[in-house]
Amino acid sequence: MHDIRAIRDNPDAYIKGWNRRKSGLGDVVSDILELDKQLRAAVQQVQDAEQVRNKSSKMIGKAKATGNEEEAQRLMAEVADAKATMEKIGETESDVRAKLDDILLGLPNIVYDDVPDGADEDDNEEVRVWGEPNKLAFPAQEHADLGEKLKNDKGFALMDFEAAAKISGARFVALRGKMAKLERALTQFMLDVQTSEHGYEEVSPPFMVRDDALVGTGQLPKFEEDLFKTTNDYYLIPTAEVPVTNLVREQILNEDQLPIRMTAATPCFRSEAGSAGRDTKGMIRLHQFTKVEMVSIVKPEDSDAELERMTGCAEAILQRLELPYRVVNLCTGDIGFGAKRTYDIEVWLPSQDTYREISSCSTCGDFQARRMNARYKPSPTEDTPKPKTQFVHTLNGSGLAVGRTLVAVLENYQQEDGSIKVPAVLVSYMGGLEVIK
């Protein structure tokens, strides 16, 4: 959660920071400070009553030993009153603490000062562009049309939305034959680059998590409607960020263990509760999709540089695939709940004549670390022989969203006859296949 001491010491900074996210959100600071005042008062009352109880309890034996029964009875009454006070005030303390925690857990991270102000994606700032947008010499087809027209040797569509809908409903797809192989090739290629060249350790995490893990990375309690929950209170992961980042929860790491860089290819499950009517056709916005996630755990002073590094690791995949893209710096109205800064990478889609998000790389500062209680102990120095533990900084990013990368490959490598040229870096992963037709 947020550092209550920091809010107490510098409330204006939090008022300003939350108001940059949403006008009026900073008003909650007054409620936080009032609850904090009540909580500290309750804690002090409990401590005072505990001291009375302990002191009087010790003196009861002495009074009885000297035969002073009247004094012993008085002291026992004091102990009973102190216990009653502790119980009563303890209930108040628990209630106030729960209210304060509820507010703090629902508040977003404070973004960096130089994050651009804005209302939505139209106010994001373009950072750089790589490659020239692909202008085809023929009318561009959408990926869904391309995939449905391509058939296997039995006549079944390689990208089958109709069959998937019969099984699972809308926003699902079944890939077959060469299309399924292309998805697997993309996943394997991304993992190979991130592990062999960029130094990420591959992780195979659980696909179901408890609510504590989602609280740790910020999806709960605010965004429960976006999640799929099982009947026995597990949640399907919306991204591998959740289980992978939580691998360091409730730990105190040594400084020499940092940085920790991990990657995982997993299915991701999202209800898309807030996307009614958006991207209803095709693979852009599905309930289930595959993504290669990158997670970094670093020292606070290294998090800014790590974000640039992570973004570059994601860009490298698109460059190898020769897919044009641009990088944008998200504004305050578009940035995610837990992020202090986010770079979105948007790939060019010829059928839409625009760029669409394919990766999002964020630094969260100590926002997630506080919620997970993930810390590290700096190495001793001559000036600081016994350093205090500090919260780590966490980062996450897509390297890349596999389904959207498949979409981009189909659209940018489509041929006039509807066939798909296989990107050169994937030919070996495809067993030498150069064209899907």
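Just so it is clear, the structure is predicted and the values come from calculations on it, not from any experiment.

## Some details on the UniProt feature "domain: Aminoacyl-transfer RNA synthetases class-II family profile" (unreviewed entry) in the protein chain
Part 1 of the argument: Per the UniProt record, "domain: Aminoacyl-transfer RNA synthetases class-II family profile" (unreviewed entry) is annotated on residues 181–423.
Part 2 of the argument: Strand forms 30% of residues 181–423 and helix 27%; the C-alpha atoms that close the span are 13 Å apart.

## Brief notes about the environment of Glu91
Part 1 of the argument: Take Glu91: it is sitting in helix H4 (residues 69–105).
Part 2 of the argument: Distance in space between the C-alpha atoms of Glu91 and Arg8 is 24 Å, their sequence separation being 83 residues.

## Considering the sheet that holds strand E13 (residues 354–363)
Part 1 of the argument: An order of E1-E11-E12-E13-E16-E10-E9-E4 is seen for the eight strands of this open sheet, with the pairing classed as mixed. With partners counted over all chains shown, the strands left at the sheet margins are strand E1 (125–130) and strand E4 (201–202), one partner each.
Part 2 of the argument: As paired elements, strand E11 (residues 325–329) and strand E12 (residues 341–349) share five bridges and run antiparallel to each other. Note that in E12 the partner of Arg326 across the bridge is Glu346.
Part 3 of the argument: On the sheet, helix H12 (residues 402–412) packs against strand E10 (288–298), E12, E13 and strand E16 (393–401) and is oriented at approximately 35 degrees with respect to E16.

## Concerning the pairing of E12
Part 1 of the argument: For E12, the tally of buried residues reaches nine of nine residues, placing the bulk of the element in the interior.
Part 2 of the argument: Because side chains alternate across E12, one face comprises the buried residues Arg341, Tyr343, Ile345, Val347 and Leu349, and the other comprises Thr342, Asp344, Glu346 and Trp348, equally buried.
Part 3 of the argument: Of the pairings in the sheet, the one linking E12 to E13 comprises nine bridges and is antiparallel in character. The partner of Arg341 across the bridge, within E13, is Thr363.
Part 4 of the argument: Once E12 ends, the chain turns through four residues before running back antiparallel as E13, passing Asp353 with a positive phi of about 55 degrees.

What counts, and where the lines are drawn
- Residues numbered from 1 in each chain as written.
- Predicted model: local features only at pLDDT ≥ 70, side-chain atom pairs only at ≥ 80, totals over all residues.
- Heavy atoms only, no water.
- UniProt positions renumbered as here; feature names shortened; annotations may be inferred.
- Helix = DSSP H or I, 4+ residues; strand = E, 2+ residues; numbered from the N terminus.
- Pairing = 2+ DSSP bridges.
- Contact = heavy atoms within 4.5 Å.
- Axes fitted to C-alpha atoms, helices over the stretch in contact; angles between N-to-C directions.
- Buried < 20%, exposed > 50% of the residue type's maximum accessible area, 1.4 Å probe, protein only.

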